[in-house]
Amino acid sequence: MSGYISLLRRHPDFARLWLASVISLMGDWFNFIALSALVSRYSDGSGLAVSGLLLARYLPPLFISPVAGVLADRLNRKALLVFSDLARAVIVLLLLTANTPDLLWLIYLLTVLQACMSAMFEPARGAILPALVGQEDILKANTLNNVTWSAMLAVGALLGGVITTLLGTAAVLVIDSLTFLLSALFILGIRTNTKAVKPAASAAAEAKSSGSFMDGLRYVRSNPVAAAALFIKFGLSLGSVDTLM
């Protein structure tokens, strides 16, 4: 742990991004239990309706992430992160209007929009890292981010469930919206130039590239080692408990 604490101390802007990620990731999962319970109640306990909520959360990143990666390569990454947080803050508050069973469709729609914004946030966060920590600390920073993602999945859903029980769904949604606003505030405090640091050797290749998703596919096809690393998670997911469930 001392190595990660030292990393955060040496790179204050990365510390701000990490704190924003902690809060933002918690926000992603904070309303999960509340919305699952709400969908179940509005649908008279339909398992199919709850499955629809899961699809609304998990399918959008499949389609949005390739586009999000291109946007993170072309736009101001700090601005993209702040926009994603502010958009999610508004979207979560709009869930308060879905207060009757006939508005179940609105919960699905807003959940899709929240998932799309989350899919925009993650590539921009990854792209900004080299500018904040430098190549010598990039592995440690990525490791900390991955551990944080797993921890906040559990903590966010747990806290969301507890607060749903104690204060109700409306309180959960208001608190969830505030988490995204707080995350945006931390990101606004980043002072480092957030344009990614690119190796000089890649300049010629970049000049020929359009920055599109197809460029990424061509790169993977021509670099088998990179392709193997990228598809490790895909292979593990095929045999995961989530897939079997």
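Please refer to the structure placed before this passage.
Here is a short report on the structure shown in this document. (Residues numbered from 1 in each chain as written. Predicted model: local features only at pLDDT ≥ 70, side-chain atom pairs only at ≥ 80, totals over all residues. Heavy atoms only, no water.)

### Description of the overall build of the protein
Here is the rule we go by: Each helix corresponds to a stretch of at least 4 residues labelled H or I by DSSP, and each strand to a stretch of at least 2 residues labelled E; elements are numbered beginning at the N terminus. Each residue gets one of three labels from its accessible area relative to the maximum for its type: buried under 20%, exposed over 50%, partly exposed in between, using a 1.4 Å probe on protein chains only. Only heavy atoms enter the contact rule, under which two residues are in contact if any of them lie within 4.5 Å.
Along the backbone of the protein there are 14 helices and zero strands. From first element to last, N terminus to C terminus, the protein shows the α and β order α-α-α-α-α-α-α-α-α-α-α-α-α-α. By the burial criterion, 41% of the 245 residues in the protein qualify as buried. Considering only contacts within the protein whose residues lie at least 6 apart along the sequence, 83% involve residues at least 24 apart.

### A look at the packing of helix α4 (residues 47–58) against helix α5 (residues 60–74)
In plain terms, the rule: Angles shown run from 0 to 180 degrees and are taken between the N-to-C directions of axes, each axis being a line fitted to C-alpha atoms and, for helices, limited to the stretch in contact. In these notes the angle categories are as follows: under 35 degrees is roughly parallel, over 145 is roughly antiparallel, 65 to 115 is roughly perpendicular, and the rest is oblique.
Contact pair α4 / α5: the axes reach a minimum separation of 5 Å and the direction vectors enclose 10°. Here α4 is positioned roughly parallel relative to α5, judged by the angle of their axes. Here Leu55, Ala56, Arg57 and Tyr58 of α4 come into contact with α5, specifically with Pro60, Pro61 and Leu62.

### Digging into the nonpolar core
Rules: For this analysis, a nonpolar core means a set of buried residues of the types Ala, Val, Leu, Ile, Met, Phe, Trp, Tyr and Cys, connected via side-chain atoms within 4.5 Å.
By size, the foremost hydrophobic cluster in this structure holds 44 residues, and its most contacted members are Phe14 and Ile107. Sort the elements by how many residues they give to this core and helix α7 (residues 104–133) lands first, with 12 residues. Look past the residues within four positions of Phe14 in its chain and what remains in contact with it is Leu7, Leu8, Leu129, Leu132, Val133, Ala141, Leu144 and Asn145. If you look at the next biggest cluster of nonpolar residues, it comprises eight residues, including Val22, Met26, Ala34 and Val172.

### Concerning the environment of Gly27
Relative to the helices and strands, Gly27 resides in helix α2 (residues 12–30). Distance from Gly27 to Leu153, taken between C-alpha atoms, is 9.3 Å for residues 126 residues apart in sequence. Those residues in contact with Gly27 that sit more than four places away from it in its chain are Gln114, Asp176, Thr179 and Phe180.

### Focus: the pattern of salt bridges
Selection criterion: By salt bridge we mean one thing: a side-chain nitrogen of Lys or Arg within 4 Å of a carboxyl oxygen of Asp or Glu.
Here the structure, examined in full by the defined rule, presents four salt bridges. For Arg88, the salt bridge goes to Asp85, with nearest N and O atoms at 2.7 Å. In this pair, Arg88 and Asp85 both sit in helix α6 (residues 77–94), three residues apart, roughly one turn of the helix. Just as Arg88 is buried, Asp85 falls in that class too.

### Considerations on α5
Heads up, the rule is: Take the residue count of a helix, subtract one, and multiply by 1.5 Å to get its expected span. Note that the bend at a residue is defined as the angle between axes fitted to the seven residues ending at it and the seven residues starting at it.
A rise of 1.5 Å per residue sets the reference length of α5, with its 15 residues, at 21 Å; its end C-alpha atoms lie 21 Å apart and thus fit the reference within 8%. For α5, the principal kink sits at Pro66 and spans about 30°. All of the buried residues along α5 are Pro60, Ala68, Val70 and Ala72.

### Section: the packing of aromatic side chains
For clarity, the threshold we go by: Only rings of Phe, Tyr and Trp enter the pairing, Trp through its six-membered ring, and a pair is recorded when the two centres are within 6.5 Å. The plane angle decides the type: under 30 degrees is stacked, over 60 is edge-to-face, the rest tilted. Placement of a positive charge over a ring is assigned whenever Lys NZ or Arg CZ falls within 6 Å of the ring centre and within 35 degrees of the normal to the ring plane.
In total, this model carries two aromatic pairs according to the counting rule given. Ring centres of Trp29 and Phe32 lie 5.7 Å apart, and the angle between their planes is 75°; this geometry places the pair in the edge-to-face category. For Trp29, a relative accessible area of 10% puts it in the buried group. Taken together, a centroid distance of 6.4 Å and an interplanar angle of 45° make the contact between Trp29 and Tyr58 tilted. Within this pair, whereas Trp29 is found in helix α2, its partner Tyr58 is found in helix α4, the two being separated by 29 residues in sequence. The aromatic ring of Trp29 is capped on one face by Arg57, whose charged end is 4.8 Å from the ring centroid. Directly above the ring of Phe121 sits Arg88, whose terminal nitrogen or CZ lies 4.8 Å from the centroid.

### A short note on the side chain of Ser84
Mapped onto the elements, Ser84 comes out in helix α6. According to the relative accessible area criterion, Ser84 is buried, its value standing at 0%. Setting aside chain neighbours within four positions, we find Ser84 in contact with Met117, Met120 and Phe121.

### Regarding the side chain of Thr148
The test is simple: Here a polar contact means two N or O atoms within 3.5 Å. Within protein one must be a hydrogen donor candidate and the other an acceptor candidate, and residues neighboring in sequence count only if both atoms are side-chain atoms.
Along the polypeptide, Thr148 turns up in helix α8 (residues 138–167). At a separation of 2.7 Å, a polar atom in the side chain of Thr148 contacts the main-chain carbonyl oxygen of Leu144. Leaving out residues up to four positions away in the same chain, Thr148 has contacts with Trp18, Val22 and Leu25.

### Comments concerning the packing of α2 against helix α9 (residues 169–188)
Our working rule: What makes a crossing left-handed is the near helix being turned counterclockwise from the far one by less than a right angle; a clockwise turn instead makes it right-handed.
Interhelical geometry of α2 versus α9 gives an angle of 160° and a closest axis separation of 8 Å. On the basis of their axis angle, the class for α2 and α9 is roughly antiparallel. The crossing of α2 and α9 is left-handed. Taking contact as the criterion, the partners of Arg16, Leu19, Ala20, Ile23, Ser24, Met26, Gly27, Asp28 and Phe30 in α2 are, on α9, Val172, Ile175, Asp176, Thr179, Phe180, Leu182, Ser183, Phe186 and Ile187.

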